[in-house]
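In case you want the letters, here they are:
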Amino acid sequence: MKDWKKVKQYLISFLKDEVSKAGFEKVTVGLSGGLDSAVVAILCKEAFGKNLNCVLMPSQFSSQSSIEHAIEVCEKFDIRYDIVSIEPMVSAFLKNMDNDKLRIGNFSARMRMSVLYDISFKEKSLVVGTSNKSELLLGYGTIFGDIACAINPIGEIYKSDEFEFAKLLGVPESILTKAPSADLWEGQSDEDELGHTYKEIDDLLKLMVDDKKSKDELLKLGFEASFIDKINNRMKANAFKGKLPTIAKLGEYL
Ligand SMILES: NC(=O)c1ccc[n+]([C@@H]2O[C@H](COP(=O)([O-])OP(=O)(O)OC[C@H]3O[C@@H](n4cnc5c(N)ncnc54)[C@H](O)[C@@H]3O)[C@@H](O)[C@H]2O)c1
Ligand SMILES: Nc1ncnc2c1ncn2[C@@H]1O[C@H](COP(=O)(O)O)[C@@H](O)[C@H]1O
Ligand SMILES: O=P(O)(O)OP(=O)(O)O
Ligand SMILES: [Mg+2]
């Protein structure tokens, strides 16, 4: 049984400790109207009060409900927020490219990262990340985009477990009941793009990663070989997203 009250307490003190160790008092969070950033914003509000600033960064591809849901969180928890549209940057980018949704999505995620780090510099605040454990293991995020942050309080929480935690934190019903989406293009849904529900994926990831079950054991437990391979290959192929760049070792030549 997960003790979400203890998790909440721990994460609030984790945030306070890490931000203070880095020599900061303030934090900045990109708030999308989705579940992950709502959870992180509420935790940060508890930890930093008025020293939290959320940034809402719609583009021409974001749905109207996203911004409404983000504002609902800010109003419910009395969170200070700014709205910075990334539409001009995305429009400029669109002038010189074909209509490739993934490229536009990755570019948008990196524009949001640039805005957050600019605000971080201006306000002397640290960027707090919002990637959950499912996204991090699958590499389902843009490198140097939405994955970029100074600290991440939810990187050990699987998406399918996060809903229960979000309820305890008071995340509004409008967010709890909608499908997870990167909102990078009209109608995008994480689960459609990944080809499975987060529950299906997380059930497998927990056994494969946390319990270190072999493929044979997973097959005996009823998982399909193609599903195991697909998730395993995806994790391996995207593992680089969690590592620092490889630097050439020149020891003996210098
Ligand atoms: N959490 C979310 O909901 C969210 C947010 C943004 C993006 N996304 C999704 O994440 C995915 C992002 O696409 P992506 O992964 O193709 O783009 P990406 O830019 O994150 O990663 C691809 C790039 O990584 C680099 N790379 C590839 N292999 C490497 C290696 N072995 N070592 C070092 N660098 C390497 C290359 O530069 C390559 O272009 C999409 O499916 C997108 O929809 C999800
Ligand atoms: N429209 C947005 N405004 C602010 N921040 C956003 C927006 N869209 C995405 N973000 C940030 O990126 C992460 C990842 O989003 P996914 O929906 O998981 O792709 C999100 O948590 C926000 O911090
Ligand atoms: O990262 P978020 O906040 O956009 O959450 P979701 O992935 O549920 O859209
Ligand atoms: Mg989202």
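Residues numbered from 1 in each chain as written. Chains lettered and ligands numbered in written order. Predicted model: local features only at pLDDT ≥ 70, side-chain atom pairs only at ≥ 80, totals over all residues. Heavy atoms only, no water.

A. Inspection of the site of ligand 3 at higher detail. In the vicinity of ligand 3, the contacting residues are Ser32, Gly34, Leu35, Asp36, Ser37, Glu135, Lys159, Pro180, Ser181 and Asp190. Leucine 35 is positioned with one of its backbone polar atoms (N or O) 3.2 Å from an oxygen atom of ligand 3. The contact in question runs from an oxygen atom of ligand 3 to an N or O atom on the backbone of serine 181, over 2.8 Å. The fraction of the free accessible surface of ligand 3 (270 Å²) that becomes covered by protein chains is 87%. Counting residues per element, the shell around ligand 3 draws most heavily on helix α2 (residues 35–48), at 3 residues. Considering only residue class, the shell around ligand 3 consists of 2 nonpolar, 4 polar and 4 charged. (Near = heavy atom within 4 Å. Polar contact = N/O pair within 3.5 Å; in protein donor to acceptor, adjacent residues only side chain to side chain. Areas by Shrake-Rupley, 256 points an atom, 1.4 Å probe, with all protein chains shown as cover. Helix = DSSP H or I, 4+ residues; strand = E, 2+ residues; numbered from the N terminus. Nonpolar A, V, L, I, M, F, W, Y, C, P; charged D, E, K, R; others polar.)

B. Here's a closer look at the pattern of salt bridges. Scanning all chains against the criterion turns up 11 salt bridges. The salt bridge involving aspartate 36 is made with lysine 159; its shortest N-O contact spans 3.1 Å. With aspartate 36 in helix α2 and lysine 159 in helix α7 (residues 159–169), this residue pair connects regions lying 123 residues apart in the sequence. (Salt bridge = Lys/Arg side-chain N within 4 Å of Asp/Glu carboxyl O.)

C. Representation of the sheet that holds strand β2 (residues 52–56) in the model. The strand order across the open sheet formed by 4 strands is β3-β2-β1-β4, and the pairing between neighbours is parallel. At either margin of the open sheet sits one strand with a lone partner, and together these are β3 (80–83) and β4 (125–127). Taking the axes of each pair of neighbouring strands and ignoring which way they run, one obtains an average angle of 30 degrees across the sheet. When strand β1 (residues 26–30) meets β2, the two strands line up parallel, connected through 4 bridges. Bridging from a neighbouring strand, valine 27 pairs with leucine 52 of β2. In this fold helix α5 (residues 101–123) packs onto β1, β2, β3 and β4, with an angle of close to 160 degrees to the strand it touches most, β4. (Pairing = 2+ DSSP bridges. Axes fitted to C-alpha atoms, helices over the stretch in contact; angles between N-to-C directions. Contact = heavy atoms within 4.5 Å.)

D. Region of interest: the UniProt feature "binding site: Mg(2+)" (unreviewed entry) in the chain. Here, UniProt's "binding site: Mg(2+)" (unreviewed entry) annotation points to Asp36 and Glu135. With the annotated positions falling across 100 residues, the maximum pairwise C-alpha distance of 10.5 Å places them together in a single cluster. Leaving out residues up to four positions away in the same chain, aspartate 36 has contacts with Thr130, Asn132, Glu135, Ile154, Lys159 and Glu162. Position of glutamate 135 relative to the elements: it lies in helix α6 (residues 133–138). Judged by its relative accessible area of 11%, glutamate 135 is buried. When near neighbours in sequence (up to four residues on either side) are disregarded, glutamate 135 contacts Asp36, Thr130, Tyr140, Asp190 and Tyr198. (UniProt positions renumbered as here; feature names shortened; annotations may be inferred. Buried < 20%, exposed > 50% of the residue type's maximum accessible area, 1.4 Å probe, protein only.)

E. View of the nonpolar core. Counting residues in each nonpolar core, the largest one holds 40 residues, and the members touching the most others are Leu15, Val39, Leu43, Cys44, Cys54 and Val171. For this core, the secondary structure elements donating two or more residues are α1 (4–21), β1, α2, β2, α3 (64–77), α7 and α8 (173–176). For this core, the leading source of residues is α2, giving 10 residues. Cysteine 44 has contacts with Leu15, Val27, Val29, Gly49, Leu52 and Val128, leaving out every residue within four places of it along the chain. Grouped together as the second largest cluster of nonpolar side chains are 16 residues, Tyr140, Leu218, Ile231 and Met235 included. (Core = buried A, V, L, I, M, F, W, Y, C linked by side-chain atoms within 4.5 Å.)

F. Representation of the site of ligand 2 in the model. Around ligand 2, a shell composed of 13 residues is seen, among which Gly30, Leu31, Met57, Thr130 and Ser181 lie nearest. Glutamate 135 has a polar side-chain atom sitting 3.3 Å from an oxygen atom of ligand 2. Note that an oxygen atom of ligand 2 is positioned 2.8 Å from one of the backbone N or O atoms of serine 181. Contact with the protein chains removes 88% of the 480 Å² of surface that ligand 2 exposes when unbound. Of the residues belonging to the shell around ligand 2, the class tally is 5 nonpolar, 5 polar and 3 charged.

G. Just the UniProt feature "binding site: ATP" (unreviewed entry) in the chain, in detail. Per the UniProt record, "binding site: ATP" (unreviewed entry) is annotated on Gly30, Leu31, Ser32, Gly33, Gly34, Leu35, Asp36, Ser37, Thr130, Lys159 and Ser181. Apart from residues lying up to four places away in sequence, serine 32 is in contact with Ser37, Ser66 and Ala70. One polar contact links the side chain of serine 32 to the main-chain amide nitrogen of glycine 34, over a distance of 3.0 Å. On the accessibility criterion, aspartate 36 (8% relative accessible area) is buried.

H. The arrangement of α2 in detail. In this model, α2 (14 residues) spans 20 Å end to end at C-alpha, consistent with the 20 Å of a helix rising 1.5 Å per residue. Summarising burial for α2: 13 of the 14 residues are buried, a large majority. (Expected span 1.5 Å × (residues − 1).)

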